[in-house]
Amino acid sequence: MRFIGGLIALVVLLVAIAFMAASLVPASSYLGRIEAAASEAIGREVTLGDEIDFTIWPRIGFRVTDLTVANPEGFESDAFVKVEVADLAVDLFALFGGNVAVDRFVLQRPVIALERNAGGEANWELQAAGADEAAEAPDGGADAAKRRGDVRLGDVSVVDGAASFSDAQSNAQYEANQINLTARLASLDEPLETAGEMVFQGAPASFNLVVASLGALIDGAESNVKLDGRLGEANVGADLSVATADDAVTFAGPVSVEAPDLPALAQLFDVELEEAPGFDSLSLAGVADGDADAVRFEDLRLALDAIKATGALTLDISGDKPKAVGALRTESLDLRPYMPPPPADGAGFPAWSDAELNLRSLRNVDAELEFTADEILINQVRTGQSRVNMTIKDGRLTADLPQLQLYEGGGSGRLSVDASGAATRFAGYFDLRAVQAQPFAIDFLKNDRLLGVGALRFEFTARGDSQKAIMSSLDGEGGFDIADGAIKGVNIVKIAQSLKSVVDGGGFSPAALVAAVSSVGQPNDETSFTEFLSAFSIDNGIARAPTISMAGPFFTMTGDGVVDLPRQTIDLNLSPRVTDRTDGGDGLAFSAPLKITGTFNAPKIGVDAEALISDRAAGQGRRLLERALGGEAEGEGEGESEGDPVEDAAKSLLRGLFGAEQDKEGPEKEDRD
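Our next topic: the pattern of salt bridges. Oppositely charged side chains can form a pair if their charged atoms are brought close together. Here the structure, examined in full by the defined rule, presents 22 salt bridges. Its salt-bridge partner being Lys 321, residue Asp 366 comes within 4.0 Å of it at the nearest N-O pair. In this pair, Asp 366 sits in strand S17 (residues 366-378) while Lys 321 sits in the loop between strand S15 (307-316) and strand S16 (323-334), placing the two residues 45 residues apart along the sequence. A relative accessible area of 6% places Asp 366 in the buried class. The network of salt bridges with common partners includes Glu 274, Glu 356, Arg 360 and Arg 363.

On to helix H8 (residues 437-444). Residues three or four positions apart in an α-helix share a direction because the helix packs 3.6 residues into each turn. Within the span of H8, buried status applies to Ala 437, Ala 441 and Asp 443. The arc that holds the buried residues of H8, viewed along the axis, is 165 degrees, so those residues lie on one side. Buried residues along H8 sit against strand S18 (381-382), strand S22 (425-436), strand S23 (450-463) and strand S24 (475-488). Lys 446 occupies a position one or two residues after H8 and carries a positive phi of about 60 degrees.

Below, the discussion takes up the environment of Tyr 338. In this structure, Tyr 338 sits in the loop between S16 and S17. The exposure class assigned to Tyr 338 is buried, which follows from its relative accessible area of 9%. Considered as a pair, Tyr 338 and Leu 362 are 24 residues apart in the sequence and their alpha carbons are 9.8 Å apart. Once you skip the residues sitting within four places of it in the chain, Tyr 338 turns out to touch Pro 277, Gly 278, Phe 279, Leu 304, Asp 305, Ile 307, Asn 358, Leu 359 and Ser 361. At a separation of 2.7 Å, a polar atom in the side chain of Tyr 338 contacts the side chain of Asp 305.

Two numbers describe a pair of aromatic rings. These are the distance of the centres and the angle of the planes. If you walk through the whole model with that rule in mind, you get 16 aromatic pairs. Among the aromatic side chains, those forming a connected cluster through ring pairs are Trp 124, Phe 165, Tyr 174, Phe 200 and Phe 269. The ring of Phe 80 carries the charged tip of Arg 44 above its face, separated from the ring centre by 5.5 Å.

Calculation criteria
Residues numbered from 1 in each chain as written. Predicted model: local features only at pLDDT ≥ 70, side-chain atom pairs only at ≥ 80, totals over all residues. Heavy atoms only, no water. Salt bridge = Lys/Arg side-chain N within 4 Å of Asp/Glu carboxyl O. Helix = DSSP H or I, 4+ residues; strand = E, 2+ residues; numbered from the N terminus. Buried < 20%, exposed > 50% of the residue type's maximum accessible area, 1.4 Å probe, protein only. Arc of directions from axis to C-beta. Contact = heavy atoms within 4.5 Å. Polar contact = N/O pair within 3.5 Å; in protein donor to acceptor, adjacent residues only side chain to side chain. Phe/Tyr/Trp six-rings, centres within 6.5 Å; stacked < 30°, edge-to-face > 60°. Lys NZ or Arg CZ within 6 Å of the ring centre and 35° of its normal.

Have a look at this one:
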């Protein structure tokens, strides 16, 4: 408002020059007196060029060149205002009534330098002679408003002007040139209409501004202000109630902003966004209120990149970077624009990407936001309805998820991302219940072979700026428990039964074992289980599962193993025990030690022959010992032929270790002996 008052003072200054020029002929002879009187009128040194032309009737008018209004001490620029040509015509009779009626006011190629120095003083705060006494008068602003008279502006224009702004406190600097604008004002209590165009910071800009009552703003009261502007590719619209009091400007009303190129708009205001995915476009519309430091939005409609949300938001712009605080609701919290693109669709599990995972956009803004989302999208992962409490501070994000629906189940979690340093750091935990295993396996394991409903707990830390680096540094622990499901493509019971047939039939050889496993590995096979659970720990990407347990109809299984996440390799040792009982309990049982090796893309299931031989030998040895002690081995009846117990047990052990051929050789060798 002081700036507006300064502009009015400048008009009054030019009127004063016209009066003096009309009475001091020739003007060049009295140039010094004119400059001195003008300088006293506004409290700044004023200088004029030698060319002064004026008229007296019917309107006072003058044309002056090289008008300069100096800066006070403590400012960088040598002049506050420079005008190459100023052309003014005023209504003489209005002046007699104490009013200013400008019929014509044209500034050609003016240059205005607005500055705020390190002490916070502004050079546009003009201080005319006697202003301090008027401000301290006991009658206050109301009587001052009565004494200010009125102002009418007819043909007012700026032609090819330039303006600059610099703030020594914030180091902000802005420039505008090619300024062309027009203004009309019937009186201070009537609307001020201005329109213009310029080049601001190298970008084309235009605006239409209507102030319902300039007089109200000067007097510290409220006035309606409408703005329709364009800057570069951005558009802004506002219909505000604006008030000025105690040198502060406050506003309230509908505001809309469309910024299809957000980085370009930010750069115009010397705000450098991090070169990172996201923060590409912004649009918002809502009912706003605020001041020069903060804007609060109600009934907000916000679109940031692919995120579209509604709610309430406060944007604090008083600090080094904007801070957003609010509660928003969105149908889709789409975080995919901030992630590297997923690998192209293809068969199998993709290799870990070494594409840069650049999350430095977290440094662009601070935030405290509550999101309610129907879904959250992170590349191929799609959640259900979730709540997120998000905090961003100096490039560090913490997202608490008190409600997280995922794969038809639910739970909670927390994710921390620290992008403030050279390498991004991650930490978090997830605790999920009643999760459908198949869609989970499709998204994370890239196959649909795991069925069931289960629980998952996982706590982790990692660091790195690519998928590959993150998986190589992953540390953590967790576990899963899946119930009433199946593993498609393999039937562990049939494998064990096939192996039992081979062993019992005497064809105990590696080739026979491989053939036995291959014969039952059909795509339509599956292993049904009632429970499948394991605990695991991860150290630098190496996952170790010391306890793997599965149970189902006619079998139980235990095991352990190692999964090398960076190399995507598997090394599992499983021991299924097949029985003739549906609960997997004791009965006619057979154990078949299996190994699962290979890669995520090409897992291989085979028989652990060494363990099978060892188990077989242990069983035969137990029977040998029982016979040696005069007992009867389990499963042997009275109908068997009698003979030397030790000798019969030894033969049985040899048959178990080396197959039926050894049994054939025995009698021949006895005959030879």
